[in-house]
Amino acid sequence: MNLPEDFVFSQGNLQDYVDCPRRFELKYLRRQRWPAAEVDDMAAFERHLEQGDQFHRLVQQSLLGLPEETLRSRINDDEVARWYDAWLANGLAEVPAQRWPELTLTARLGKWLLLAKMDLVAIEPGGAALVLDWKTGRHQPRPERQAQRLQTRVYRYVLAEAGARLNGGEAIDQTRIEMRYWYAQHEGDVLRFPYDEDQYKADGRFLRDLAREIDSCEVFPLTEEVRRCRFCVYRSLCDRGEQPGSLAEWEGDEDMALPTDALDIDALDEIAF
Ligand code: SF4
């Protein structure tokens, strides 16, 4: 048994396990501090993360009703201003009017909780139930790849499992659910992933099996995909090289890089819906 009963799964820690079991062990079980830089230009990397954070705060405040001019006047970064303008132009296209920004939902996953912290959930009574995620990275993934990301699978699954309180007490039919990614650096391009009952059942089996596998894992192996190690903070511990990968080649997900992904269980009561 590896996991304490109060362990909370998320798309971030599950993705880490799928990418590299050893990384999961170091990060979430041993709580190993970062011994190395993720990329070669950490100053630019951190600036990019800060820009992403600023953009997400702007959008959240906008959704909460703060006036556009007030928010615009607070932006002191040209790139963030461009992203915000793009979002104003089409970020909410075809998004239902009942909206819950920065919503955290939890569902049971075996003995544990599965948590999803969503940028926006929007529901049309009797109609679409969307989970939206704003992306500010340079890289826009191929749809086939994004469909397999744990974020896509976990967010739709958790909304199907735990969305009743947003829907007058009725569970949301899986066929109404869609995960939608919006890409700030690509003029608001979107990737859409609808849902259905078969995928929902497959996700439930997959996620429960994954949680049990992690719990019973005796040895957490190093990934065989050594290219991942170039951008991993643990590469010196794993003897997988000294030099960080180039920021220009980084294709990671900024949501995974933000420290907020390392969720503190003590904060859960304050944020869970
Ligand atoms: S350096 Fe490579 S093997 Fe080690 S934790 Fe990171 S991704 Fe896994």
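Residues numbered from 1 in each chain as written. Predicted model: local features only at pLDDT ≥ 70, side-chain atom pairs only at ≥ 80, totals over all residues. Heavy atoms only, no water.

Draft legend 1. Local environment of the environment of Trp 182. Relative to the elements of secondary structure, Trp 182 occurs in strand 5 (residues 177-183). With relative accessibility at 2%, the residue Trp 182 sits in the buried group. Spatially, the C-alpha atom of Trp 182 lies 32 Å from that of Leu 26, the residues being 156 residues apart in sequence. Filtering out sequence-adjacent residues up to four positions away, Trp 182 remains in contact with Phe 55, Trp 83, Ala 86, Trp 87, Asn 90, Gly 91, Asp 133, Trp 134, Lys 135, Gly 188, Asp 189 and Val 190. (Helix = DSSP H or I, 4+ residues; strand = E, 2+ residues; numbered from the N terminus. Buried < 20%, exposed > 50% of the residue type's maximum accessible area, 1.4 Å probe, protein only. Contact = heavy atoms within 4.5 Å.)

Draft legend 2. Seen up close, the pattern of salt bridges. Here the structure, examined in full by the defined rule, presents 20 salt bridges. Across the salt bridge formed by Asp 215 and Lys 111, the nearest N and O atoms sit 3.9 Å from each other. Here Asp 215 is found in helix 8 (residues 197-216), whereas its partner Lys 111 is found in the loop between strand 2 (98-109) and strand 3 (112-123), with 104 residues between them in sequence. On the basis of relative accessible area, Lys 111 is assigned to the partly exposed category, the value being 39%. By sharing partners, the salt bridges in this structure join Asp 19, Glu 225, Arg 227 and Arg 228 into a single network. (Salt bridge = Lys/Arg side-chain N within 4 Å of Asp/Glu carboxyl O.)

Draft legend 3. Geometry of the site of the ligand. Surrounding the ligand, one finds Cys 20, Arg 22, Arg 23, Leu 222, Thr 223, Cys 229, Cys 232, Tyr 234, Arg 235, Cys 238 and Arg 240. Tallied by class, the residues present in the shell around the ligand amount to 6 nonpolar, 1 polar and 4 charged. (Near = heavy atom within 4 Å. Nonpolar A, V, L, I, M, F, W, Y, C, P; charged D, E, K, R; others polar.)

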